[in-house]
Amino acid sequence: MVIAVNEIVKNPSLVSNPKEITYVEDKRSKKLKSIIIPAKYKDEFEEFLKKKKFKELL
């Protein structure tokens, strides 16, 4: 889902309880500002970061 920054102000639950990966975009400049990952992906994301960091050390 892609949302605009001003949509977060109107509906904060989009950020506080995301049900899917959410992309926050500046609608004027069409630039990506943030990616919000739901907590249910926490363990997978941490594992990914560990593997990536390990590969960078090699």
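The preceding data block contains the structure.
Residues numbered from 1 in each chain as written. Predicted model: local features only at pLDDT ≥ 70, side-chain atom pairs only at ≥ 80, totals over all residues. Heavy atoms only, no water.

Engineer: Sorry if this is basic, but what is going on with the overall build of the chain here?
Structural biologist: The helix and strand inventory of the chain stands at three helices and three strands. Scanning the chain from its N terminus toward the C terminus, one meets helices and strands in the order β-α-α-β-β-α. At 14 Å, the chain has a C-alpha radius of gyration far larger than the 10 Å of a compact globule built from 58 residues. If one aligns the C-alpha atoms of the chain with their principal axes, the spans along those axes are about 45 × 25 × 15 Å. Out of the 58 residues in the chain, the part that is buried amounts to 16%. Of the contacts formed within the chain by residues at least 6 apart in sequence, a portion of 4% connects residues at least 24 apart. Counting only carbon and sulfur atoms, one obtains 58% of the accessible surface of the chain, whose full area is about 5100 Å². Averaging the locations of the 14 positively and 9 negatively charged side chains of the chain gives two centres separated by 4 Å. (Helix = DSSP H or I, 4+ residues; strand = E, 2+ residues; numbered from the N terminus. Rg over C-alpha atoms; globule rule 2.2 N^0.38 Å. Buried < 20%, exposed > 50% of the residue type's maximum accessible area, 1.4 Å probe, protein only. Contact = heavy atoms within 4.5 Å. Areas by Shrake-Rupley, 256 points an atom, 1.4 Å probe, with all protein chains shown as cover. Lys, Arg positive; Asp, Glu negative; His and termini not counted. Charge placed at Lys NZ, Arg CZ, Asp CG, Glu CD.)

Engineer: Explanation requested: the pattern of salt bridges in the structure shown.
Structural biologist: In total, this model carries three salt bridges according to the counting rule given. With a shortest N-O distance of 3.8 Å, Lys-27 and Glu-25 are connected by a salt bridge. Residue classification places Lys-27 among the partly exposed positions, given a relative accessible area of 40%. The closest approach of N and O atoms between Glu-46 and Lys-42, which form a salt bridge, is 3.2 Å. Separated by four residues within a single helix, Glu-46 and Lys-42 lie in helix H3 (residues 42-57), roughly one turn from each other. Judged by its relative accessible area of 37%, Glu-46 is partly exposed. On the basis of relative accessibility, which here comes to 48%, the residue Lys-42 falls in the partly exposed class. (Salt bridge = Lys/Arg side-chain N within 4 Å of Asp/Glu carboxyl O.)

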